[in-house]
Amino acid sequence: MRSTTPRAALRRAAGGFAAAGLMAAGSLTLTAPAQAAAPEFTLGGPAETALHPYPATGAPQKASLDFTVNNPSEDEENGAFQGEYTVRFDLSGIEGVADVSFDNEGGADCTTTGTSAVCHDWGIFPGLSTLAELDVTAAKGSEDGDTGAIEVTAEADGATFTSFTALVGIGGPDLSMERLPFKTELKPGDTQPVPVTFTNNGTRAADGVLLTLRYTRGMEFTERYQNCEYSESDLGMGSPGAWTTALCSFDGSYEPGVAYTLAEPPAIRATKRAFYDSFLYRIAEDGSTARAAQRAGAKYSPGKGATLALRKAPAALTADLDPSDNQQDVDFRTSNSADFVAYGDRAKGAAGDSVEVKVGFRNRGPAWIGYIRSGEDVATVDVTVPEGASVVTKPDTCRGVTADGEYREDQTAAPRYFCSTPMSVREDADFALPFELKIAKRVEGASGKVVVRNTHLAEPKLPFDPEPANNTASLVLNAKDSGSGDSGATTGDGDSASGGSAATGGSAGGSGDSGAGASGSSEGTTGSSATGTTGGDSGGGLAATGSVALTAGAAALAALVAGGVLYTVSRRRAAR
């Protein structure tokens, strides 16, 4: 059995050492510790799987079923279950309906005897891991409409498991989405129709369909329909409202071999904040399972416009039984820019004092920036510490480097810090970074620097920012004119940067900061994001470019799962 994340192999060894350390610590106590409750793990997998009927000639088509176990612990270091466990599959419910074989590649230890199978493994790490991978085909002699169930249970000393049932059936609807020929190079205000078209390539009619339309912050539909419900969320991009999702319901029977299209295609528009954006469109049979998967716990509100309707298309599409064809996506590139404005701070104190400062940048727009495909950081905030001071506390997203920006093992009292941003920054964002500085030696007018730049140190210019002059600000300690009302937001040439007082963290809504709006800093990529746990870079390796990989294959977003977890990105943060 294999963990669904690449961390599993390392954690398997590290977990043993962690457990040994805990045991050693426990032996030093004078009284016996309270007995911890047995951990409870949840088994899971595909709730329903439809198989192609057994063919008259040739081999039956195979479906792969991944069965999983979820460890709810959020303790990455000590939350693993250290022990052996057994998983049992009762296959009697699908006898005569489907045939099963186990994919043992990668070390899975599973054996099948008659209508039961048993798998053994050791260790369950925090998060979701794969228990076993089953290859399932329709059994010879099975008929369209036959159904059965696979019952999955597990057991281990010192742990409990919730069981899981997977339903398997022969035949059913197979909805396939047509890829639309969008114009992808846009200007703000450009509008184009979305004539969604799909076909049912299955063996039975679909009883109602659910259309999912999901688009990033720079795009919008010109109307919100009354048979659709809408929700906004960040979906892992680090910016509130980065994605909007519309779930549109259509009643009726959608017959096999027939194509359907929207009677009046809706229109999608590039807004004034558009830059790099994506749009996906997905079709599924309507029902509680599909709705729960697409909702993923988000709150939806209904539209109030006209009713979106479907009609039969003039001709059916080419049959394609690949389930991934339920969804298509497209990337848009809008000719636009975003003005990132750095701000610094000022503080004063005597030798031995600790002072708090906030530095960072605001996005004055008009565009939001989201590196959707690559998942790269949008920018780096480069902070140089003033002379005579050292950093006591810093955001977790910041790592200490040498004065020249090279790797530094010791993270205490570094002369310079590189701070990562998320993969998206809203058009109204205030990215605030709180630092605590200790003044070891009072130096009058000691000045550090705050630069918002590209993630690649050798190429600091932000590719989307037409105003590089305001990307630099000053961080000053004990200035001659320093006082409680001083503003520390100064640009590299000494001019005061507009957009608010950096002495108060540079909150959005200051003079000239048109991007702040009513939402303020809480709606943007704020200091709370900056103090997250996405830092911790080692500093070695290749530098990231920070550019969105618009040439990446459609598979990146085609792999979006229904539960709202859109994709997993590998974030290259080294040597920035």
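Rules of the game
Residues numbered from 1 in each chain as written. Predicted model: local features only at pLDDT ≥ 70, side-chain atom pairs only at ≥ 80, totals over all residues. Heavy atoms only, no water. Pairing = 2+ DSSP bridges. Helix = DSSP H or I, 4+ residues; strand = E, 2+ residues; numbered from the N terminus. Buried < 20%, exposed > 50% of the residue type's maximum accessible area, 1.4 Å probe, protein only. Core = buried A, V, L, I, M, F, W, Y, C linked by side-chain atoms within 4.5 Å. Contact = heavy atoms within 4.5 Å. Salt bridge = Lys/Arg side-chain N within 4 Å of Asp/Glu carboxyl O. pLDDT = per-residue confidence, 0-100. Lys, Arg positive; Asp, Glu negative; His and termini not counted. Polar contact = N/O pair within 3.5 Å; in protein donor to acceptor, adjacent residues only side chain to side chain.

Some details on the pairing of strand β4 (residues 81-90)
The side chains of a regular strand alternate, first on one face of the sheet and then on the other.
Phase 1: Of the strand pairs in this sheet, β4 and strand β7 (residues 116-124) are connected by eight bridges, and their pairing is antiparallel. For tyrosine 85, the partnering residue across the bridge sits in β7 and is aspartate 121.

Observations regarding the pairing of strand β8 (residues 127-138)
Phase 1: Across the 12 residues that make up β8, a large majority, nine, are buried.
Phase 2: As paired elements, strand β3 (residues 63-71) and β8 share nine bridges and run antiparallel to each other. Paired with aspartate 66 across the bridge in β8 is glutamate 133.

Considerations on the nonpolar core
Phase 1: By size, the foremost hydrophobic cluster in this structure holds 40 residues, and its most contacted members are Phe340, Ile369, Phe435 and Phe464.
Phase 2: Looking at this core, the elements with two or more residues in it are β26 (338-343), β28 (354-366), β30 (380-384), β31 (389-393), β33 (416-420), β35 (430-439), β36 (446-453) and β37 (472-477).
Phase 3: When near neighbours in sequence (up to four residues on either side) are disregarded, phenylalanine 464 contacts Phe275, Ser337, Ala338, Phe340, Ile369, Tyr371 and Val378.

Digging into the pattern of salt bridges
Phase 1: On inspection of all chains with the given rule, the structure shows 13 salt bridges.
Phase 2: Notably, a salt bridge pairs arginine 416 with aspartate 382, separated by 2.7 Å at the nearest N-O pair. With arginine 416 in strand β33 and aspartate 382 in strand β30, this pair connects stretches of sequence that are 34 residues apart. Considered together, arginine 416 and aspartate 382 belong to a single accessibility category, that of buried residues.
Phase 3: Taking the shortest distance from any N to any O, the salt bridge between arginine 426 and aspartate 428 comes out at 2.8 Å.

Observations concerning the confidence of the model for the chain
Phase 1: On average, residues of the chain score 78 in pLDDT, and 72% of them are at 70 or above.
Phase 2: Per-residue pLDDT stays below 50 along residues 1-33; that stretch engages in 37 contacts with residues further than four places along the chain or on separate chains.
Phase 3: Counting interchain partners and residues more than four positions distant, the pLDDT-below-50 stretch residues 316-321 has 19 contacts.

Brief notes about the side chain of aspartate 339
Phase 1: Within the secondary structure layout, aspartate 339 lies in strand β26.
Phase 2: One buried charged side chain, aspartate 339, makes no salt bridge at all; its nearest oppositely charged neighbour is arginine 364, positioned 4.5 Å away.
Phase 3: One polar contact links aspartate 339 to asparagine 470, side chain to side chain, over a distance of 3.3 Å.
Phase 4: Beyond its immediate sequence surroundings of up to four residues, aspartate 339 is in contact with Arg362, Asn363, Arg364, Gly365, Asp465, Glu467 and Asn470.

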